[in-house]
Amino acid sequence: MSWHPFMAALPVGIYTCDATGRVVRYNELAAELWGRSPDLAEHHAYCGAYRTYGLDGKPLRPADSPMAELLATGKALRARELCLERPDGSRIVVEANLNPLLDGAGQVIGGVSCFHDITGRKQAEHSLQQILQAMPVAVYTTDTSGTLTFFNEASAELWGWRPEIGVSQWCGSWRLRHLDGEPMAHDQCPMATALREEREIRWGRAVAERPDGTLVPFVAFPTPLHDAAGSLVGAVNTLLDVSEQQQAADIGMHMAAIVESSLDAIVSKDLNGIITSWNPAAERLFGYTADEAVGQSVLMLIPEGRQDEETTIIERIRRGERVDTFETMRRRKDGTLIPVSLTISPVRNARGRIVGASKIARDITSHKESERRIRVLMREVNHRVKNQYSVILAMIRESGKRSSDPAGFELQVRERIMALADSHDLLVSADWSGATVCELLRAQVKPFADSERITLSGPPLLLHPNAVQYLGIAFHELATNATKHGALSVKGGRIVVDWQIVPGDDGIDYLELAWREEGGPPATPAERTGFGSVVLQRITPQALNGSSEILYGDSGITWWLRAPLDSVVARDDGDA
């Protein structure tokens, strides 16, 4: 193949120089890129272009051109970029690859340059940099070694200084710290990890220390960049200053602005309801991948009976209205329904025309469950409070019948309400699940005697909240009487409480509990029935659907209670 047909067939500009740098051959595409066809009879040093410039816009001397470097060193040059000016004043950016021409002895006798127009690519890179500069969040890029290649003004503002491009590595922060304040080496930052492991990192957290000592907590989203062949070429990182959000404990709400990193499902659709974008959170929420969802109607997410919502939404979006947060139901891929809150806003093109809608969907299943639990709890609290009112009213009524002394009446009511409060505290600490017999006894007897003077024995039983309250009143009256008149009024006196579960003749299990005083003075019935006797003989047994008996002995009283187990014990037994 002759030289000229070969050159003409190449899809790039090509020219050769002799050892002195004089252009000796070129193809038509080279002439087209130069904007002229130089006369080979004239001496054109190193390049046939009208004028050449560096990418910084400064004129490039012939002696500093890539071809001059090739002829001087004899070494091939790759991907050299320079700007060519044509005679008509237009300029293009080209990328050149140069190789030396050698004679049989290996001496350089010339060079060949293959170059092509990369103006479009450079313009795209410039446009991308302009976009990144305009972004309100910090964005910077690195090469494969982690060396900074670009950062926008938002990055410099976050860092509090301007690192040196081509020198600083991993992150442009002056210094880095972990969230606990400990120093962080730059090669331990999220960007370094992303490049080292070639994986995206989401919500990487660190603290940037500025030269003035200011600490700025941020979250990072480094993403490795690959070429068409899949080879790593660098990485891009987005940093978000979360100082205010961290102080307000509301970082997640502000993160939602970054769609790909959002914890909420963000879906966009056109005005026909066709899904056009689908973020990872939407896949987690609805179960469809982006490939499955994009291009499909949004109606696939809306259960029957609610599809008129979509008509209303599209009508409002067409009018340019934002649909404020509202709660509804949506359908997952597996057919299950989930409660969600939706916020929908119009999407406009560059001319301001509404072309679709952006929807933020949040799973509120846990929120709805919490609401349900609160409602159940409020009903339970209401029921318990009403029971407490009934007990207190009965206590006041019975105490009032048996007291002619206002001061004594007040003291008795106060002590009994305090005893009721002790039982209530046990229930609150156990989320109203109940209290064990031992816990209740110890709480009611504690104000009157040391635990060494009380012996407890019986199987572990968790008392029902109702039983806790009424047994608590009974134990309080028994302990009060023992302190004033019984075993706890003398040295050496003791209280023995035991309980057991026994089967009844009717096929029902019963709780049998006995309070016995030992070592106390002889007990005799009071001439006048007091409130304590009413509690022990009527109020407590009736509340538990059981029966009771008071025995008077030589060393104190014995109170015996028998009640159906189901009226006393909660559903799940606890440890005594």
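Residues numbered from 1 in each chain as written. Predicted model: local features only at pLDDT ≥ 70, side-chain atom pairs only at ≥ 80, totals over all residues. Heavy atoms only, no water.

Some points on the overall build of the protein chain
Right, on to step 1. For the protein chain, the helix and strand inventory stands at 17 helices and 26 strands.
Right, on to step 2. For the protein chain, the residues scored as buried account for 42% of the 576 residues in total.
Right, on to step 3. Looking at the protein chain alone, contacts between residues at least 24 apart form 50% of all its contacts between residues at least 6 apart.
Right, on to step 4. Total accessible area on the protein chain stands at roughly 30400 Å², and carbon and sulfur atoms take up 51% of it. (Helix = DSSP H or I, 4+ residues; strand = E, 2+ residues; numbered from the N terminus. Buried < 20%, exposed > 50% of the residue type's maximum accessible area, 1.4 Å probe, protein only. Contact = heavy atoms within 4.5 Å. Areas by Shrake-Rupley, 256 points an atom, 1.4 Å probe, with all protein chains shown as cover.)

Remarks on the sheet that holds strand β1 (residues 13-18)
Right, on to step 1. Ordered by their spatial adjacency, six strands build an open sheet running β2-β1-β6-β5-β4-β3, and the pairing between neighbours is antiparallel. This sheet does not close on itself; its edge strands, each paired only once, are β2 (23-26) and β3 (51-53). The mean inter-strand angle of the sheet, taken between neighbouring strand axes irrespective of direction, is 35°.
Right, on to step 2. Sheet strands touched by helix α3 (residues 66-73): β1, β4 (77-85), β5 (91-102) and β6 (108-117). Its angle to β6, the strand with the most contacts, is close to 150°.
Right, on to step 3. Packed on one face of the sheet, helix α4 (residues 119-134) meets β4, β5 and β6 and runs near 125° to β5. (Pairing = 2+ DSSP bridges. Axes fitted to C-alpha atoms, helices over the stretch in contact; angles between N-to-C directions.)

Description of the pattern of salt bridges
Right, on to step 1. One pass over the structure, following the stated rule, counts 23 salt bridges.
Right, on to step 2. With a shortest N-O distance of 3.4 Å, Glu95 and Arg121 are connected by a salt bridge. Taken as a pair, Glu95 in strand β5 and Arg121 in helix α4 lie far apart in primary sequence, 26 residues in all.
Right, on to step 3. Note on Glu95: relative accessible area 14%, which makes it buried.
Right, on to step 4. Look at Arg121 and you get partly exposed, because its relative accessible area is 37%.
Right, on to step 5. Two residues, Arg330 and Glu309, come together in a salt bridge whose shortest N-O distance is 3.1 Å. (Salt bridge = Lys/Arg side-chain N within 4 Å of Asp/Glu carboxyl O.)

Notes on the packing of aromatic side chains
Right, on to step 1. For the coordinates displayed, the defined rule picks out nine aromatic pairs.
Right, on to step 2. A centroid spacing of 6.3 Å and a plane angle of 20° characterise the contact between Phe475 and Trp515, whose relative ring orientation is stacked. Of the two residues, Phe475 is situated in helix α15 (residues 465-484) and Trp515 in strand β24 (residues 509-518); the sequence distance between them amounts to 40 residues.
Right, on to step 3. When its relative accessible area of 0% is taken as the criterion, Phe475 is described as buried.
Right, on to step 4. Assessed through its relative accessible area of 0%, Trp515 is described here as buried.
Right, on to step 5. The ring of Tyr53 has Arg91 lying over it, and the distance from NZ or CZ to the ring centre is 3.8 Å. (Phe/Tyr/Trp six-rings, centres within 6.5 Å; stacked < 30°, edge-to-face > 60°. Lys NZ or Arg CZ within 6 Å of the ring centre and 35° of its normal.)

A look at the pairing of β2
Right, on to step 1. In the sheet, β1 pairs with β2 via three bridges, with the strands oriented antiparallel. Within β2, the position partnered with Tyr15 by the bridge is Tyr26.
Right, on to step 2. Where β1 hands over to β2, the hairpin turn is made up of four residues, of which Gly21 adopts a positive phi near 95°.

Regarding the layout of surface pockets
Right, on to step 1. Here the second largest pocket defines a volume of roughly 540 Å³.
Right, on to step 2. Of all the elements in the fold, those that place two or more residues in the lining of the second largest pocket are α4, β7 (138-142), β8 (148-151) and β14 (232-241).
Right, on to step 3. Counted by class, the lining of the second largest pocket contains nine nonpolar, seven polar and three charged residues. (1 Å grid on protein atoms, 1.4 Å probe; cavity = no way out; pocket = protein on both sides within 12 Å on 5 of 7 lines; lining within 4 Å. Points joined across faces, edges and corners; volume = space filled by probe spheres on them. Nonpolar A, V, L, I, M, F, W, Y, C, P; charged D, E, K, R; others polar.)

So, the side chain of Ser268
Right, on to step 1. With respect to the helices and strands, Ser268 occurs in strand β15 (residues 265-270).
Right, on to step 2. In this structure Ser268 touches Ile274, Ile275, Thr276, Ser277, Ala357 and Ser358, once residues within four positions along its chain are discounted.

Let's talk about the confidence of the model for the protein chain
Right, on to step 1. A residue-level look at the protein chain finds 84% of positions with pLDDT of 70 or above and a mean pLDDT of 84.
Right, on to step 2. Taken together, the stretch residues 249-256 has pLDDT below 50 and engages in 18 contacts with residues farther than four places along the chain or on a different chain. (pLDDT = per-residue confidence, 0-100.)

A word on the environment of Glu81
Right, on to step 1. As for its placement among the helices and strands, Glu81 is situated in strand β4.
Right, on to step 2. Remark: the alpha-carbon pair of Glu81 and Pro66, spanning 15 residues in sequence, is separated by 9.2 Å.
Right, on to step 3. Other than its neighbours up to four places away in sequence, Glu81 contacts Leu55, Val94, Glu95, Ile118, Arg121 and Lys122.
Right, on to step 4. A polar contact is formed between the side chain of Glu81 and the side chain of Arg121, at a distance of 3.0 Å.
Right, on to step 5. Among the polar contacts made by the side chain of Glu81, one reaches the side chain of Lys122 at a distance of 3.0 Å. (Polar contact = N/O pair within 3.5 Å; in protein donor to acceptor, adjacent residues only side chain to side chain.)

Regarding the environment of Val490
Right, on to step 1. Relative to the elements of secondary structure, Val490 occurs in the loop between α15 and β23 (494-503).
Right, on to step 2. Counting along the chain gives 31 residues from Val490 to Pro521, while the straight-line C-alpha distance between them is 7.8 Å.
Right, on to step 3. Contacts of Val490, omitting those with residues within four sequence positions, involve Arg453, Gly519, Gly520 and Pro521.

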